Each structure stands twice: as structure tokens, then as C-alpha cells.
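# Geometric and topological summary
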Amino acid sequence: MTTYHRTTASRDRDARARGLGETGMDSYRLPLGTGGDAGTARLFARRCLEGWGIADDGPFGQDVVLVVSELVTNALRHAGRAVEMRLSWDGPLLVVEVDDSGEGLPVRGDGDVRVPGGHGLVMVDRITRSWSVRRAPHGGKTVRAELVHP
């Protein structure tokens, strides 16, 4: 059974330290280190969106679910496992963060459709306001993507 954790950044010093946003940002975290996969992460994202009153089948909701799927899949494929995913909302900003245990940094492909693979971060780059990678102090990294609700 998957356990979801809800925090409010105003009461969560760790969330503020990670740069999740200003006071009042509503955050959920999903531990993935115990066999979580991209399907679990997508379901988690849909439930968070529903809780925030955002349609998961609308254009913005679909973009969020796609970004979640890509970031978690990349962590599983390239790092071996995703450790945790966080979704944070402070309308109109939604932040997706995925922690993994891998040392390698993600590389955005050139988008050449004739070359297989390497298209996930191209999509993430096109539909997010920004995305970034931060190395964790004790190994691994966090990939962060920001989306702005229209």
C-alpha cells in the first residue's frame, strides 16, 4: 500500500530549505524507494491535482502528469530507482521534484525524432516554465520542474 504524506510549507522547514516556495505552498510527497513506479507516481499526481481542484484531464493537468511520468521514468531508468517525489502547489505555480540515488546528471536530447530515445526532457523543457537539477549533499540528486497554471 502506498503512503502519501501531506505537508504545508509554512510548517515544513525541510520544504522551505529545498526551495519549494513561499509560506503556504501546499505540498505532498510520495516515497518511491520501496518499489514505486511511474504508474504509481501518475496516480499520485492525479489525486493531488484533484485535491487542488485542477482537472487532471485538462491541458494543464495532462502536462503535470506527463512531467511526473518523465521525471520518475528517467530516475528509474538512469539512476536505478527514484527515492521520493514531491508535488507542491501555490496557485498558479506547481512544482514537481523527484529525488533519485544516481550520480549522473540528466541530459536534454536535441529533439531529433529520427533518433530513438532522449525526447523526455525535450518535452519537459517545452511544457514547463523551467527545470533544473541539484546534487544532494550525500549523493544522488533532485530534478525539479516548475509549471504555471494559465
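Here, every reference points to the structure presented above.
I will try to describe carefully the structure that is included in this document.

Here is what the cut-offs are and how they apply
- Residues numbered from 1 in each chain as written.
- Predicted model: local features only at pLDDT ≥ 70, side-chain atom pairs only at ≥ 80, totals over all residues.
- Heavy atoms only, no water.
- Helix = DSSP H or I, 4+ residues; strand = E, 2+ residues; numbered from the N terminus.
- Expected span 1.5 Å × (residues − 1).
- Buried < 20%, exposed > 50% of the residue type's maximum accessible area, 1.4 Å probe, protein only.
- Arc of directions from axis to C-beta.
- Contact = heavy atoms within 4.5 Å.
- Polar contact = N/O pair within 3.5 Å; in protein donor to acceptor, adjacent residues only side chain to side chain.
- Core = buried A, V, L, I, M, F, W, Y, C linked by side-chain atoms within 4.5 Å.
- Axes fitted to C-alpha atoms, helices over the stretch in contact; angles between N-to-C directions.
- Parallel < 35°, antiparallel > 145°, perpendicular 65-115°, else oblique.
- Left-handed = near helix turned anticlockwise from the far one by under 90°.
- Nonpolar A, V, L, I, M, F, W, Y, C, P; charged D, E, K, R; others polar.

A separate point is helix H2 (residues 38-51). For H2, built from 14 residues, the straight-helix expectation of 20 Å at 1.5 Å per residue is met to within 8% by its first-to-last C-alpha distance of 20 Å. The complete set of buried residues in H2 reads Ala38, Ala41, Phe44, Ala45, Cys48 and Leu49. Along the axis of H2, the buried positions cluster into a sector of 135 degrees, meaning they face one direction only. Looking at H2, the residues exposed on the side facing more than 90 degrees away from the buried face are Glu50 and Gly51. The elements touched by buried residues of H2 are strand S2 (26-31), helix H3 (59-79), strand S3 (82-90) and strand S4 (93-100). For H2, the N-terminal capping position is held by Asp37, with its side-chain oxygen 3.2 Å away from the main-chain nitrogen of Gly39. Just past H2, the residue Gly53 takes up positive phi, approximately 75 degrees.

Turning our attention to the nonpolar core. Among the nonpolar cores identified, the biggest contains 31 residues, and Leu71, Met85, Leu87, Leu94 and Val96 are the most heavily contacted of them. Those elements that place two or more of their residues in this core are S2, H2, H3, S3, S4, helix H4 (120-127) and strand S6 (141-148). For this core, the leading source of residues is H3, giving eight residues. If near-sequence neighbours (up to four positions away) are discounted, Leu94 is found in contact with Leu49, Trp52, Phe60, Val64, Leu87, Ser88, Trp89, Ala145, Glu146 and Leu147.

Attention now goes to the environment of Ser101. Within the secondary structure, Ser101 sits in the loop between S4 and H4. Ser101 gets classed as partly exposed once you look at its relative accessible area, which sits at 36%. It is 9.0 Å that separates the C-alpha atoms of Ser101 and Thr142, two residues lying 41 residues apart in sequence. Once you skip the residues sitting within four places of it in the chain, Ser101 turns out to touch Ala79, Arg81, Val83 and Gly140.

What follows concerns the side chain of Arg86. The residue Arg86 is located in strand S3 in this model. A polar atom in the side chain of Arg86 sits 2.7 Å from the side chain of Glu84.

Looking now at the packing of H2 against H3. Put simply, H2 and H3 touch, their axes get as near as 9 Å, and they point 150 degrees apart. Put simply, H2 runs roughly antiparallel to H3. In the packing of H2 onto H3, the handedness of the crossing is right-handed. Residues Ala38, Ala41, Arg42, Ala45, Arg46 and Leu49 of H2 form the contact with H3, whose participating residues are Gly61, Val64, Val65, Val68, Ser69, Val72, Thr73 and Leu76. Per-class residue counts for the contact of H2 with H3 are nine nonpolar, three polar and two charged.

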